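Chain and residue survey
Next come the chains, spelled out residue by residue.
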Amino acid sequence: MNKLRPYLFWIVAGVVLLIELGVVLMVSPTDTGGRSATEVKADIDTRYGDLVKLSARADGPKGNPDPIGPFNPEMAEHIKSLTGDYLVTQYWEPVLKPHVEKYGAQLKEITAYLVKRSKVLHDPVAQSGDLFQWYQSYEARTSSVVAALLEAHCLQVPISGAVSAVADSETVTKASRDVAGFYTKGEAPPAASEHERLTLRYRVVDQIAQIVLAARQPNRANAVTGRPEVPVPDGEQRQAAITAIKWDETMSGSMPSDGLALVKVTVELSGPLSAVLATQSALENNADEERPLFVMLGGTLLPKTPYGVGERKDVPSETVTAKLDLVALDYSSKTYEPPAPLVKVRPAPAKNVARNAADAAKDEKEGAAP
């Protein structure tokens with residue numbers, strides 16, 4: 001016993017150390033939430049990895065934190081890039097989602113509106129599929145438009161170098177149809193494959209004719225022609241006359257991605273300046289929802305030269321000529337496509353969100369304490 005006494009302290013210390021080691025091995029330490037040290041470390045590593053990713057996303061692609069646009073909300077890849085590369089937390093979704101839903105509703109209304117405006121362009125001219133019966137109906141409808149223009153002196157038809165507004169023979173009738181941009185058959189009627197194109201052109205000319213017939217203006221003095229106009233009686237209103245309607249095949253066509261087809265036409269006018277300008281303004285005005293949409297691409301306005309012998313005698317106004325390039329927008333094939341779905345950011349684990357909320361409340365409470 002006496003021999004062990006010098007070592008008694010170390011023996012007791014060793015036993016206590018063994019007991020402590022046994023307790024450590026048998027009982028793992030936990031945090032206030034009951035998690036083990038291993039779980040705490042794994043969570044810290046995960047959160048640190050998320051922080052690194054969040055920091056990289058906050059810096060933006062290639063170190064540019066500002067979105068590089070424009071972003072088309074109708075294209076899924078653009079929405080994915082915007083929400084995936086720049087919106088760095090999951091909290092953006094409840095803020096943006098109502099706006100996206102509202103945009104989708106507006107987009108649906110706009111699509112319906114555009115389709116409605118284009119419906120008149122495809123109203124059939126005949127119900128029969130027979131080629132001869134279809135052409136008879138087409139010829140009757142187009143001749144009615146030509147007759148209305150001729151009666152109002154709104155269509156100028158050149159005959160042997162002169163200008164006439166009288167249709168009294170087959171030659172003049174074909175000439176007047178040519179000026180108005182209408183098709184006239186030769187030995188055989190047009191093929192069925194041509195019906196859609198001819199119908200579309202007839203509807204466009206019909207709309208233009210209605211505008212020309214309605215655009216009346218009194219003569220006004222102007223500086224374009226270089227000389228004052230001869231006074232006209234009060235209330236005298238005049239119209240412009242169509243001298244040619246020409247179709248441009250180079251620009252006409254469809255754009256499948258937008259459901260849009262373009263019909264380009266050049267309208268040539270002649271008449272008093274006030275009437276020509278009134279007609280141009282009416283062609284550019286798209287307020288009437290029963291009409292298709294027209295876009296004015298450009299045009300020219302010039303004094304008429306040269307005049308024929310006696311052509312200016314007793315004429316109450318100087319004549320100007322205009323060449324207007326128009327495009328009719330055909331949205332009849334456009335369909336509604338909802339906005340691209342939002343790309344969700346991976347949310348944090350629920351337990352982390354709850355713990356973060358508790359930590360924030362604790363910090364706020366401690367900060368409010370005196």
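Residues numbered from 1 in each chain as written. Predicted model: local features only at pLDDT ≥ 70, side-chain atom pairs only at ≥ 80, totals over all residues. Heavy atoms only, no water.

A closer look at the overall build of the protein
The following threshold applies: Helix and strand definitions here come from DSSP, where helices need a minimum of 4 consecutive H or I residues and strands a minimum of 2 consecutive E residues; each element is numbered from the N-terminal end. To sort residues, take the accessible area from a 1.4 Å probe on protein chains only and compare it with the maximum for the residue type: under 20% means buried, over 50% means exposed, and anything in between is partly exposed. Only heavy atoms matter for contacts: two residues are in contact if any of them lie within 4.5 Å across the pair.
Regarding its fold elements, the protein presents 9 helices and 8 strands. Taking all 370 residues of the protein together, the buried fraction comes to 31%. Taking the contacts inside the protein whose residues are at least 6 apart along the sequence as the reference set, 71% of them involve residues at least 24 apart.

What about the nonpolar core?
Just so we agree on the cut-off: Nonpolar core, defined: a set of buried Ala, Val, Leu, Ile, Met, Phe, Trp, Tyr and Cys residues in which side-chain atoms within 4.5 Å join the residues together.
Counting residues in hydrophobic clusters, the biggest one holds 45 residues, and the most contacted among them are Tyr138, Leu155, Phe182, Val204, Ile208 and Val265. Elements represented by at least two residues in this core include exactly α5 (131-151), α7 (195-214), β5 (241-255), β6 (260-272), α8 (273-284), β7 (293-303) and β8 (319-330). If near-sequence neighbours (up to four positions away) are discounted, Val204 is found in contact with Leu121, Trp247, Val263, Val265, Phe294 and Ala328. Leu260, Leu293, Val327 and Tyr331 belong to the second largest nonpolar core, which has 7 residues in total.

Topic: the environment of Phe294
Following the sequence through the fold, Phe294 ends up in strand β7. C-alpha of Phe294 to C-alpha of Leu326: the two residues are 32 residues apart in sequence and 6.6 Å apart in space. Once residues within four sequence positions are removed from consideration, Phe294 is found in contact with Val204, Gln207, Ile208, Leu283, Asn286, Val327 and Ala328.

Looking at the packing of α7 against α8
Our working rule: Here the axes come from fitting lines to C-alpha atoms, over the contacting stretch only for helices, and the angles between their N-to-C directions go from 0 to 180 degrees. To sort the angles, those under 35 degrees are grouped as roughly parallel, those over 145 as roughly antiparallel, those from 65 to 115 as roughly perpendicular, and the leftovers as oblique. Crossing handedness is read from the near helix: turned anticlockwise from the far helix by less than a right angle, it gives a left-handed crossing, and turned clockwise, a right-handed one. In this classification, Asp, Glu, Lys and Arg are treated as charged, Ala, Val, Leu, Ile, Met, Phe, Trp, Tyr, Cys and Pro as nonpolar, and every other residue, Gly included, as polar.
As a packed pair, α7 and α8 sit with axes 9 Å apart at the nearest point and diverge in direction by 135 degrees. The angle between α7 and α8 places the two elements in the oblique class. Once α7 is placed against α8, the crossing between them reads as right-handed. Counting all contacts with α7, which are made through Ile208, Ile211 and Val212, the residues of α8 involved are Thr279, Ala282 and Leu283. Residues of the contact of α7 with α8, tallied by class, amount to 5 nonpolar, 1 polar and no charged.

As for the packing of aromatic side chains
Let me state the cut-off plainly: Each Phe, Tyr or Trp ring (for Trp, its six-membered ring) is paired with any other whose centre lies within 6.5 Å, and the angle between the two planes then decides the class: stacked below 30 degrees, edge-to-face above 60, tilted in between.
The tally for this structure, following the rule as stated, stands at 4 aromatic pairs. When the ring of Tyr135 is compared with that of Tyr183, the centres are 6.2 Å apart and the planes differ by 90 degrees; the resulting orientation is edge-to-face. You can see Tyr135 sitting in helix α5 and its partner Tyr183 sitting in the loop between α6 (170-179) and α7, a full 48 residues away along the chain. We classify Tyr183 as partly exposed; its relative accessible area is 29%. Their ring planes at 45 degrees and their centres at 6.3 Å tell us that Phe182 and Tyr202 sit as a pair that is tilted. Of this pair, Phe182 sits in the loop between α6 and α7 while Tyr202 sits in helix α7, and the two are 20 residues apart along the sequence.

Thoughts on α8
Counted only if it meets this: Expected helix span is given by 1.5 Å per residue-to-residue step, counting one fewer step than there are residues.
Helix length check: α8, at 12 residues, gives a terminal C-alpha distance of 17 Å against a target of 16 Å (1.5 Å per residue), a fit within 8%. Burial in α8 covers these residues: Leu273, Ser274, Ala275, Val276, Ala278, Thr279 and Leu283.

Describing the pairing of β8
Basically, it comes down to this: In this analysis, strands are considered paired if DSSP registers two or more bridges between them.
Counting buried residues in β8 gives 9 out of 12 residues, a clear majority hidden from the surface. In this structure, β6 lies alongside β8, joined through 12 bridges in antiparallel fashion. Looking at β8, one finds that Thr266 is bridged to Asp325.

Notes on a nonpolar patch on the surface
Stated formally: To count toward a patch, a residue needs a relative accessible area over 30% and no salt bridge; like charges are then connected within 9 Å, while nonpolar side chains (Val, Leu, Ile, Met, Phe, Trp, Tyr) are connected within 5 Å. Note on areas: Shrake-Rupley with a 1.4 Å probe; residue coverage comes only from the protein chains shown. The rule for a salt bridge is simple: a side-chain nitrogen of Lys or Arg has to be within 4 Å of a carboxyl oxygen of Asp or Glu.
A contiguous nonpolar surface patch, about 400 Å² in accessible area, is contributed by Tyr48, Leu51, Val52 and Leu54. When you line up the elements, Leu51 lands in helix α2 (residues 37-59).

Observations regarding the pattern of salt bridges
A full pass over the atoms with the stated rule returns 7 salt bridges. Between Lys174 and Asp178 there is a salt bridge, and its shortest N-O distance comes to 3.2 Å. Residue Lys174 and its partner Asp178 are located together in helix α6, separated by 4 residues, close to a single helical turn. A salt bridge links Lys246 to Glu268; the nearest nitrogen and oxygen atoms lie 3.2 Å apart. Of this pair, Lys246 sits in strand β5 while Glu268 sits in strand β6, placing them 22 residues apart in sequence.

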